[in-house]
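Each chain, letter by letter, is given below.
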Amino acid sequence: DLASGRPMSLVDPQAAPPTWYEFVCQYTDSKWAQTSPHHREGTAEALTTATLTLLDSPVDAARAKEIRSALLNWGYNIRRGSPPQPDAVTRHLDWVNRHTRALADLTQPPVLRHLLPQIAMKVDGTRAAGRTAAWKRSIISTALNHAVEDCLIAKNPITATSWKPARTVTAVDRRAVVNPDQARALLDAVRTTPRSGHRLVASFAIIYYFDLRPEEAAHLRAANLDLPGEGWGWITLDGAAPDVDKHWSDSGERRETRELKHRAVGESRRVPCPPALVALLKFHIHEYGDQAGGRVFRGERGDALVGVSYTRLWARARRAALTPEQYTSPLAVRPYDLRHAAVSTWLNSGVAPTQVAEWAGHSVAILLRIYAKCIDGSEALSLNRIEEALGSDSTHPRTGGHL
């Protein structure tokens, strides 16, 4: 059998080959319990892009938008078909099932050559970042490996194709990394931003002063803190609470407790807490307590932090703290950029990369590849040092004239 690679004697003549849509539904359901909410949503997005490319009938832009929404929110979610799935969504999914190509068609080179460039495009038709295209290619390739394991196709055709996504930038953009003065100005602006800046300033400060990821800060509990009367403290991280669409979580909540990134379940990470942050955290706990499941940082109503509100607050503080030129630049566009600043500050301060990697939760190889020693203004400082080393009476090597 050309589709599955199995002997014809083992192929059920009554069994129709699965369509791409049928296969993807089975695949996403089988992987649901093993993956995080973020990964589920990302997988659905990549496979939705592929599905729209594998339709055997053209659809206009308005119809494509409706089908995309149906696939992304229902078709590739384990709650597919469950109430309250709208009737319009059911009709779209039934149509997709009838009009997607057979899974085996992906083994045909022309089909694959048409599919792969499409995953490198955004919905609006512009080119996506190389990292996005590479990630979608990886998702589709993993799904096809699953099809090989289930004997639905003989081999993964993507491994034999010469198409590659655009080059991916992995290093941190030095223009996004704030220096200490800018970081303090931003935190001061957060503190004075209505309505919840005063109660969230510590959550931003903890990202900057000791490189927490935002989801790690959201999960932080008083039991994780060792705050002495004076001097340095320690924070022991044992989990994260990413902000996700509750449509993809098991609990139906926006923040679901997960293990630390790049760590096994139950593994922890210990990070130093500078005296300035020790005092700030003590004040925060004294003022706002930690009643919501023991979490240190909470929303205005005492519930879990909502990512959208968090980023909006940051955008308002950023406008207040930065100059117009800085505001329109990539400087600290996201709260996550404070983490980049923390790691860069440690590296620039001469802390050994092995120690920084341990505190940041990275391998040394990833640390050195992603985090350049870049703080806004550090380049000018380096040039001044070179100029001082050369001396003011440096002469041109050929003419003998002064430079």
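About the cut-offs
Each chain has its residues counted from 1, following the order in which its sequence is written. For this predicted model, a pLDDT threshold of at least 70 governs which residues receive local features, and a threshold of 80 or more governs which side-chain atom pairs are given and counted, while totals over whole chains, interfaces and linings are taken from all residues. Side-chain numbers here rest on the full set of heavy atoms in the structure, without hydrogens or water. Each helix corresponds to a stretch of at least 4 residues labelled H or I by DSSP, and each strand to a stretch of at least 2 residues labelled E; elements are numbered beginning at the N terminus. Burial here depends on accessible area, computed with a 1.4 Å probe over protein chains only, as a share of the maximum for the residue type. Under 20% is buried, over 50% is exposed, and the range in between is partly exposed. Whether two residues are in contact is decided by their heavy atoms: any pair within 4.5 Å suffices. Note on areas: these come from Shrake-Rupley sampling with a 1.4 Å probe, and a residue is covered only by the protein chains present in the view. When DSSP finds at least two bridges between two strands, those strands are taken to pair. Fitted lines through C-alpha atoms give the axes, limited to the stretch in contact for helices. The angle between two N-to-C directions lies from 0 to 180 degrees. The definition of a nonpolar core used throughout is a set of buried Ala, Val, Leu, Ile, Met, Phe, Trp, Tyr and Cys residues joined through side-chain atoms within 4.5 Å. Stacked, tilted and edge-to-face are the three classes assigned to paired rings of Phe, Tyr and Trp, where Trp is represented by its six-membered ring and a pair needs centres within 6.5 Å; plane angles under 30 degrees give stacked, over 60 edge-to-face, the rest tilted. To sit over a ring, a charge needs its Lys NZ or Arg CZ within 6 Å of the ring centre and within 35 degrees of the ring normal.

Describing the overall build of the protein chain
At step 1: Per the secondary structure count, the protein chain includes 16 helices and three strands.
At step 2: Scored against the burial criterion, the 403 residues of the protein chain give a buried share of 42%.
At step 3: Residue pairs in contact within the protein chain that sit at least 24 positions apart in sequence constitute 69% of those at least 6 positions apart.
At step 4: For the protein chain, the accessible surface area stands at approximately 21,400 Å², while carbon and sulfur atoms represent 53% of it.

With respect to the sheet that holds strand S3 (residues 269–273)
At step 1: Strand order in the open sheet formed by three strands is S1-S2-S3, and the pairing between neighbours is antiparallel. Strand pairing shows two members of the sheet lacking a second neighbour, strand S1 (225–226) and S3, which therefore form its edges.
At step 2: One ladder, built from two bridges, connects S1 with strand S2 (residues 233–237); its direction is antiparallel. By the bridge assignment, Asp-226 is partnered in S2 with Trp-234.
At step 3: Packed on one face of the sheet, helix H10 (residues 275–288) meets S1, S2 and S3 and runs near 100° to S3.

Focus on the nonpolar core
At step 1: Ranked by size, the top nonpolar core spans 52 residues in total, and within it Phe-204, Ile-206, Ile-235 and Leu-281 carry the most contacts.
At step 2: Considering each element in turn, this core owes the most residues, nine residues, to helix H8 (residues 197–210).
At step 3: For Ile-235, the residues in contact, after removing those within four places along its chain, are Ile-206, Phe-210, Leu-220, Asn-224, Leu-225, Arg-269, Arg-270, Val-271, Cys-273 and Leu-281.
At step 4: Ile-67, Tyr-76, Val-89 and Ala-143 belong to the second largest nonpolar core, which has 37 residues in total.

Notes on the packing of aromatic side chains
At step 1: Here the structure, examined in full by the defined rule, presents eight aromatic pairs.
At step 2: On the numbers, 4.3 Å between centres and 5° between planes, the contact of Phe-204 with Tyr-310 is stacked. In this pair, Phe-204 is assigned in helix H8 and Tyr-310 in helix H11 (residues 307–321), connecting sequence segments 106 residues apart.
At step 3: A relative accessible area of 0% means that Phe-204 is categorised as buried.
At step 4: Look at Tyr-310 and you get buried, because its relative accessible area is 8%.
At step 5: Taken together, the ring pairs connect Trp-20, Phe-23 and Tyr-27 into an aromatic cluster.
At step 6: Arg-63 extends its terminal NZ or CZ atom over the ring of Trp-95, reaching a point 4.6 Å from the ring centre.
At step 7: Across the ring face of Trp-234, the terminal group of Arg-270 is positioned such that the distance to the ring centre comes to 3.8 Å.

All we've got here are geometric facts, nothing functional implied.
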